[in-house]
Amino acid sequence: MSTTSTTRTIRSATGPGAARVGHLTLRPVDPLKDAVLLHSWLTHPKSAFWMMQDAALVDVERAYMELAADEHQQAHLGLHDGVPAFLTERYDPAHRELVGLYEPEPGDVGMHFLVAPTDRPVHGFTRAVITTVMAELFADPATRRVVVEPDVANTAVHALNAAVGFVPEREIQKPEKKALLSFCTREQFEKAVSA
């Protein structure tokens, strides 16, 4: 997996209301420059499922410095019309997060995403973000299937995952949580977003 060092446009979201969401771009997270912003997002009560509620600024810096140095993971900051609005992480599940918890297949890519907490939500924005992140992952021809492992209690993200084609396989016990292991193939994604 490779990262780019510049901001780039990612595929536009598709589906109802996507045109009203605005322009989405991605750039690699800069662990030091972005730490204050990410800290405010990750410690916000609406981000409880990221389990960083008590993280200090230095903890966030350290976590994203380690992630940036890891060849099996990447983090990108998502911009909405040029303003930071979401975070996405890509990982190789054969080496991170799910090692020993399922049998990875060639072309599996793990994904996390977080929409920044806001007092002024844009209708359809979170769905546009996950749709766009998925389109970006599938833009890589080597990606055959996206794997997610959200907390079993995170029903809001389960609904979003289903909306873009994820199918739950089973519950798994990770060290930090009970998770719902779910998969989405390229075909499942394309069918879901074209419906």
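What you see is a predicted model; the values in this text were computed from it and never measured.

Trainee: Would you take a moment to explain the overall build of the protein chain for this structure?
Mentor: A tally of regular secondary structure across the protein chain gives 5 helices and 8 strands. A fraction of 61% describes how many contacts in the protein chain between residues 6 or more apart in sequence connect residues 24 or more apart. For the protein chain, the exposed surface amounts to about 10,100 Å²; the carbon and sulfur share of it is 54%.

Trainee: Any chance you could explain the pairing of strand β3 (residues 73-80) here in plain terms?
Mentor: A regular strand carries its side chains on alternate faces of the sheet. The buried fraction of β3 amounts to 8 of the 8 residues, a majority that puts the element mostly inside the structure. Burial along β3 is two-sided: Q73, A75, L77 and L79 facing one way and Q74, H76, G78 and H80 facing the other are all buried. Both β3 and strand β4 (residues 83-91) contribute to a ladder of 8 bridges, which runs antiparallel. If you follow H76 over to β4, its bridge partner there is T88. The loop that links β3 with its antiparallel partner β4 comprises 2 residues; one of these, D81, has a positive phi angle of about 50°.

Trainee: Help me understand the environment of A56, please; the structure alone is not making it clear to me.
Mentor: Looking at the element boundaries, A56 is found in the loop between α1 (35-42) and α2 (57-68). A relative accessible area of 35% means that A56 is categorised as partly exposed. Each C-alpha atom of the pair A56 and V36 lies 9.9 Å from the other, and the pair is 20 residues apart in sequence.

Trainee: Mind showing me how you'd approach the packing of helix α3 (residues 125-138) against helix α5 (residues 186-194) here?
Mentor: When two helices pack together, their arrangement is given by the angle between the helix axes and the distance between those axes. α5 packs onto α3 with a crossing angle of 145° between their chain directions and a minimal axis gap of 11 Å. Considering the relative orientation of α3 and α5, their crossing is left-handed. Taking contact as the criterion, the partners of T131, M134, A135 and F138 in α3 are, on α5, R186, F189 and V193. Per-class residue counts for the contact of α3 with α5 are 5 nonpolar, 1 polar and 1 charged.

Trainee: Just checking my understanding: could you explain the environment of D151 for this structure?
Mentor: Secondary-structure assignment places D151 in the loop between β6 (145-148) and α4 (155-163). Separated by 21 residues in the primary sequence, D151 and I172 place their C-alpha atoms 9.6 Å from one another. Leaving out residues up to four positions away in the same chain, D151 has contacts with F49, H158, K177, K178 and A179. A polar contact of 2.8 Å, which involves the side chain of D151, links it to the backbone nitrogen of A153.

Trainee: Hey, could you run me through the packing of aromatic side chains in this one?
Mentor: The geometry of an aromatic ring pair is captured by two quantities: the separation of the ring centres and the angle between the planes. All told, the structure shown has 2 aromatic pairs when counted by the stated rule. Ring centres of Y102 and F183 lie 5.5 Å apart, and the angle between their planes is 50°; on these two criteria the pair is classed as tilted. On the criterion of sequence distance, the pair formed by Y102 in the loop between β4 and β5 (108-115) and F183 in strand β8 (residues 178-185) is long-range, its members being 81 residues apart. As far as burial versus exposure is concerned, Y102 and F183 are alike and both buried. The ring of F183 has R145 lying over it, and the distance from NZ or CZ to the ring centre is 3.9 Å.

Trainee: What is the right way to look at α4 in this model?
Mentor: One turn of the α-helix equals 3.6 residues, which is why residues spaced by three or four share an orientation. For α4, every residue scored as buried is listed here: V157, H158, L160 and N161. Buried residues along α4 cover an arc of 165° about the axis, so they all sit on one side. Turned more than 90 degrees away from the buried face of α4 sit T155 and A156, all of them exposed. Packing partners of the buried residues in α4 comprise β5, α3, β6 and β8.

Calculation notes
- Residues numbered from 1 in each chain as written.
- Predicted model: local features only at pLDDT ≥ 70, side-chain atom pairs only at ≥ 80, totals over all residues.
- Heavy atoms only, no water.
- Helix = DSSP H or I, 4+ residues; strand = E, 2+ residues; numbered from the N terminus.
- Contact = heavy atoms within 4.5 Å.
- Areas by Shrake-Rupley, 256 points an atom, 1.4 Å probe, with all protein chains shown as cover.
- Buried < 20%, exposed > 50% of the residue type's maximum accessible area, 1.4 Å probe, protein only.
- Pairing = 2+ DSSP bridges.
- Axes fitted to C-alpha atoms, helices over the stretch in contact; angles between N-to-C directions.
- Left-handed = near helix turned anticlockwise from the far one by under 90°.
- Nonpolar A, V, L, I, M, F, W, Y, C, P; charged D, E, K, R; others polar.
- Polar contact = N/O pair within 3.5 Å; in protein donor to acceptor, adjacent residues only side chain to side chain.
- Phe/Tyr/Trp six-rings, centres within 6.5 Å; stacked < 30°, edge-to-face > 60°.
- Lys NZ or Arg CZ within 6 Å of the ring centre and 35° of its normal.
- Arc of directions from axis to C-beta.

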